[in-house]
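Chain by chain, the residues:
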Amino acid sequence: MRISSFISRTIAVSAAFAALVGLYVTPVSGEVRLPEIYASEEELEFPEEPSVDPTSKTDGYSAVLYDNSNGLPTSEANAITETREGFIWIGSYSGLIRYDGNTFERVDSTTGLASVVSLYADSRNRLWVGTNDSGLAVMENGSFRMYNKSDGLKSLSIRSITEDNDGNIYLATTHGNDMELRNIDEPQINEEYVRIIKTGADGLIYGVTMNNAVFTVSGGKLQSYYNASRLGIKDIHSVLPDPANAGYVFVSTKESEVYYGKLQNGFRNTVPIDVSPLEYINSVELINDTLWVCSDNGIGIYRDGEFIELDNVPLTTSIEKLMMDYQGNLWFVSSQQGVMKIVPNQFTDIFDKYGLTSQVVYSTCRYRDMLLIGTKNDGLKVLKSGRVVTEMPLTSSRSASGNVLGDTDLIKMLHGCKIRSIIRDSKDRIWFSTFGDQGLVRYDNGKVTKFKKIDGLPSERVRTVFERSDGTILVACTGGVAMIDGDEIKEVYDESSGISNTEILTVVESTEGDIIAGTDGDGIYVVRGTDTLHIGTDEGLHSDVVMRIKRDIARDLYWIVTSNSIAYMDSDYNVTTINNFPYSNNFDLYESTSGEMWILSSNGIYVTPVEDLIANGDINYVFYGKDNGLPCITTSNSYSELTSNGELYISGTTGIAKVNIETPFENVNDLKISVPYIDSDGKRIYPDDDGSYTISSKTLKLTIYSFVYNYSLINPQVTYHLDGFEKNSTTVKRNLLAPVDYTNLKGGKYDFEISIKDPQGNGNKTLNVRIIKQ
């Protein structure tokens, strides 16, 4: 079977059949302005394939469900389409809804658009709206006209709409022969209830009736009619013409079968595609050689001879159809659950990918081709090549004192342990810091050595380790700091060394070889030989709870994360606390090669230029939270792994989030911007033929409506100003973009300029709109 590349933009539901030939919509008296379609010169170009593959084990993606709990005015949807400028339109029983990626706006139901079951955007960018009980509406440039029984409709339930190659619009209703503008008088379908009509590559209109028949129409005339007996298929429920092969169609059933072949040959000798456990197939669509299946009990794809059910998305019931937007995002509508979009996500949920149960993660570490995970209560988890590793055999196990131990497997040995950190040293050895009987565990290519209190460690409550420049290991634990040389604990720094609080949370080495230790309640201690320096709130810290000290070799600084602030310390141990950082409960920080600091906190991730932190002035930052696709929040005082290629494995409260901090997420230059209309003292104005706007000399207030159509998870910066009236620009996050009011404009020409950049300030797409006040 050959599946050709295709992007379907038609909307299909239950219906009977009629046609309108050469229908032109003109304004009617007493018309009401709706959220309008802007016929811009820029064509709505669809990508060849989706921006993400939800069946892939490598792509990061998010499946976002919209219902009445998070912005959508309803929890059901029947139809969806996108118009040329970038608006997404959703049809539901509660009416027509417009979405720009930021706000769902419901059209007033008093207009007659109270129960929408079908939508279609035609080649002229008119939006055709089929209702369940109020007839047809056509919207163009903010105006709409209703068609009902007075116009010749015998049924006010418009179930499907499509367009042929000549621009003729075909309607399907629940009563056969309809509008007097042009009737299709065919006995076989006059009284039929037709579910779906779609246009094929051959220009024919293909339809499916409720009586399990498939037919074709051209030029308003019935061309062919195939009942279930002739086709050899029972319970036919939907049809999709192959856009690259004239006469070839996909026919799907109420069971779990999709047939493909030439319609006139029938399907008696055709082996169907088995899409079980999906059944009652409402629609199928082709996108770049992939067949998508929407059914009453789920979503699936058929590709390269294999059927895959999507089992990790929130939309599972009564999925009617799908659409791909201009960014390549996938949209699905459910008549019971609402609307779901599947979009790229720079964050990957590692636990979801591997099917792991949610739990608190304290540490992650890459070791060769494995990811080592230290958990709060379940010991060590190991992932490798798409699977969970259950065994890591040991060749030997002994204590630092030389006693032979009976451990035979690393994972079993650490089962049930609270692993606070996993650190890899320069010799490719792994150090497991545990809270419990195991103490500090060193793993060296199958060999285990344990360091405990009996071996000279201050306690078995170990937080982390740090490798010094001479290869010795500093151990931060309850009771002080221990130094390990080889298999021997050479030194312990505790109260006798001048450290009053020996609950050590973090430790590093200075460029001069000093030991710098952060404590749980007594600030920082610096040990230099026999001398000890204390740094607390009197010396510039905002908190004496120091959770992390990280050495910045390039700047000869030490970054400090306390319980309520971020600070840095120079080589002379002078502390500067950053005053304007937007959040206080932070845990860790990692710098990218481009000079951006990724700061992990209890509510998400803040990304800001390092130079902004050092300057200690205004902080320009980007925030990533669950709304931006972050699957889990960082665990307090946890350790995450940053690999050499920029992949950050974040230890979270429910699992692990992976993100590459070196890779830009999205190019904003591909986003659509428009000013589809303006208001002059509350009156809606549309652009002239040249795209400019003309307002009356009497206008007191000008309102400019601008849109950035973005359906992904990023939140670009939007900058705008009215040239000729104001000198300074305004910059806001896209989710805060709102209509802008201007008053007291003199007569003359003005240019409204709007530009966008990505959250890191990269890229620059600009739109200029001319406004003329008479």
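Residues numbered from 1 in each chain as written. Predicted model: local features only at pLDDT ≥ 70, side-chain atom pairs only at ≥ 80, totals over all residues. Heavy atoms only, no water.

A. Structural context of the overall build of the chain. In terms of helices and strands, the chain carries four helices and 66 strands. In terms of its C-alpha atoms, the chain occupies a principal-axis envelope of roughly 100 × 75 × 35 Å. Buried residues in the chain amount to 58% of all 774 residues. Long-range contacts, defined as pairs at least 24 residues apart, comprise 54% of the intrachain contacts of the chain with a sequence gap of at least 6. Looking at the chain as shown, the accessible area adds up to about 30200 Å², and 42% of this sits on carbon and sulfur atoms. Computed over 69 positive and 104 negative side-chain charges, the separation of the two mean positions in the chain equals 3 Å. (Helix = DSSP H or I, 4+ residues; strand = E, 2+ residues; numbered from the N terminus. Buried < 20%, exposed > 50% of the residue type's maximum accessible area, 1.4 Å probe, protein only. Contact = heavy atoms within 4.5 Å. Areas by Shrake-Rupley, 256 points an atom, 1.4 Å probe, with all protein chains shown as cover. Lys, Arg positive; Asp, Glu negative; His and termini not counted. Charge placed at Lys NZ, Arg CZ, Asp CG, Glu CD.)

B. The pattern of salt bridges, seen in detail. The final tally for this structure, using the stated rule, is 24 salt bridges. Measuring nitrogen to oxygen at the nearest pair gives 3.4 Å for the salt bridge that ties glutamate 488 to lysine 490. For glutamate 488, a relative accessible area of 44% corresponds to the partly exposed category. Using a relative accessible area of 43% as the deciding quantity, one classes lysine 490 as partly exposed. A salt bridge links lysine 550 to aspartate 588, with the nearest nitrogen and oxygen atoms 3.3 Å apart. One end of the pair, lysine 550, is in strand S47 (residues 546–552); the other, aspartate 588, is in strand S51 (residues 586–591), with 38 residues separating them in the sequence. It is possible to trace a salt-bridge network through shared partners that takes in Asp552, Arg555, Glu591 and Glu611. (Salt bridge = Lys/Arg side-chain N within 4 Å of Asp/Glu carboxyl O.)

C. The sheet that holds strand S8 (residues 116–121), seen in detail. Spatially, the four strands line up as an open sheet ordered S8-S9-S10-S11, and their pairing is antiparallel. Looking along the sheet, the strands with just one partner apiece sit at the ends: S8 and strand S11 (143–147). Neighbouring strand axes in the sheet, compared pairwise and without regard to direction, differ in orientation by 20 degrees on average. Pairing between strand S9 (residues 127–131) and strand S10 (residues 136–140): four bridges, direction antiparallel. Bridge assignment links glycine 130 to a residue of S10, and that residue is leucine 136. (Pairing = 2+ DSSP bridges. Axes fitted to C-alpha atoms, helices over the stretch in contact; angles between N-to-C directions.)

D. Region of interest: the nonpolar core. Membership of the largest hydrophobic core comes to 59 residues, with the highest contact counts inside it found for Ile90, Leu96, Val129, Trp331, Ile704, Tyr742 and Phe752. If we skip the residues at most four places from it in the chain, tryptophan 331 touches Tyr66, Ile80, Ile88, Tyr99, Lys321, Leu322, Met323, Asp325, Val339, Met340, Lys341 and Tyr711. Judged by nonpolar contacts, the second largest core, of 21 residues, contains Leu380, Val389, Ile411 and Ile422. (Core = buried A, V, L, I, M, F, W, Y, C linked by side-chain atoms within 4.5 Å.)

E. Geometry of the packing of aromatic side chains. By the definition in use, this model includes 29 aromatic pairs. Here tyrosine 99 and tryptophan 331 contribute two aromatic rings whose centre-to-centre distance is 6.1 Å and whose plane-to-plane angle is 70 degrees, an arrangement assigned as edge-to-face. Of this pair, tyrosine 99 sits in strand S6 (residues 95–99) while tryptophan 331 sits in strand S27 (residues 330–334), and the two are 232 residues apart along the sequence. What makes tyrosine 99 buried here is its relative accessible area of 4%. Taken together, a centroid distance of 5.6 Å and an interplanar angle of 65 degrees make the contact between tryptophan 559 and tyrosine 568 edge-to-face. Assigned by exposure class, tryptophan 559 and tyrosine 568 land together as buried. These aromatic residues form a ring-pair network of at least three members: Phe87, Trp89, Tyr677, Tyr686, Tyr705, Phe707 and Tyr709. (Phe/Tyr/Trp six-rings, centres within 6.5 Å; stacked < 30°, edge-to-face > 60°.)

F. Representation of the sheet that holds strand S60 (residues 693–695). Spatially, the five strands line up as an open sheet ordered S60-S66-S65-S62-S63, and their pairing is mixed. Every other strand in the sheet has two partners, leaving S60 and strand S63 (730–733) as the edge strands with one partner each. When the angles between neighbouring strand axes are averaged without regard to direction, this sheet yields 20 degrees.

G. Expanded view of the pairing of strand S20 (residues 257–262). For strand S19 (residues 248–253) and S20, the ladder comprises five bridges, and the chain directions are antiparallel. When the sheet's bridge partners are listed, phenylalanine 250 is paired in S20 with tyrosine 260. Joining the antiparallel neighbours S19 and S20 is a turn of three residues. Pairing of S20 with strand S21 (residues 273–274) involves two bridges; the strand directions are antiparallel. Residue pairing in the sheet places valine 258 in a bridge with isoleucine 273 of S21.

H. Examining the layout of surface pockets more closely. Its volume calculated, the largest pocket comes out at about 1300 Å³. Ser62, Val64, Lys626, Gly629 and Leu713 are, among the 49 residues lining the largest pocket, the residues nearest its centre. For the lining of the largest pocket, the secondary structure elements donating two or more residues are strand S3 (61–66), strand S25 (306–309), strand S29 (348–349), helix H2 (350–354) and strand S54 (622–624). If one sorts the elements of the lining of the largest pocket by residue count, S3 sits on top with five residues. (1 Å grid on protein atoms, 1.4 Å probe; cavity = no way out; pocket = protein on both sides within 12 Å on 5 of 7 lines; lining within 4 Å. Points joined across faces, edges and corners; volume = space filled by probe spheres on them.)

I. Fine view of the environment of tyrosine 99. Here the alpha-carbon distance between tyrosine 99 and phenylalanine 87, two residues 12 residues apart in the chain, equals 5.9 Å. If sequence neighbours within four positions are ignored, tyrosine 99 has contacts with Tyr66, Phe87, Ile88, Phe104, Trp331 and Tyr711.

J. Representation of the environment of lysine 701. Tracing the chain through its elements places lysine 701 in strand S61 (residues 701–709). Look at lysine 701 and you get partly exposed, because its relative accessible area is 36%. Expressed as a C-alpha distance, the spacing of lysine 701 and glycine 761, which sit 60 residues apart in the sequence, is 32 Å. Excluding residues within four positions of it along the chain, lysine 701 makes contact with Asp679, Ser680, Asp681, Asp741, Tyr742 and Thr743.

K. Highlighting the confidence of the model for the chain. With 91% of its residues at a pLDDT of 70 or more, the chain has an overall mean of 89. A low-confidence stretch, residues 1–44 (pLDDT under 50), is modelled with 202 contacts involving residues beyond four sequence positions or located in other chains. Low pLDDT (under 50) marks residues 176–181, which in the prediction has 32 contacts with non-local residues, meaning those over four places away or in another chain. (pLDDT = per-residue confidence, 0-100.)

L. Quick peek at the state of the cysteines. Applying the stated rule across the entire model yields zero disulfides. Take cysteine 417: it sits in no disulfide, and the sulfur closest to it among the cysteines is that of cysteine 477, at 16 Å. (Disulfide = S-S within 2.5 Å.)

M. Up close: unusual backbone geometry. Along the chain, serine 276 connects to proline 277 via a cis peptide bond; the corresponding omega equals 15 degrees. Mapped onto the elements of the fold, proline 277 is located in the loop between S21 and strand S22 (281–287). At asparagine 445, a position not held by glycine, the phi torsion is positive, near 50 degrees. Residue class for asparagine 445 comes out partly exposed when judged on its relative accessible area of 49%.

N. View of the pairing of strand S58 (residues 672–680). Where burial is concerned, most of S58 is hidden: nine out of the nine residues are buried. Note that S58 and S61 share seven bridges and pair antiparallel. When the bridges of S61 are listed, lysine 672 appears paired with tyrosine 709. Bridge count for S58 against strand S59 (residues 683–685) is three bridges, and the pairing is antiparallel. Each bridged residue has a counterpart across the sheet, and for isoleucine 678 the counterpart in S59 is isoleucine 685. Taking the residues that link successive antiparallel strands as the turn, the S58-S59 hairpin has two residues, and the phi of aspartate 681 there is positive, at about 50 degrees.

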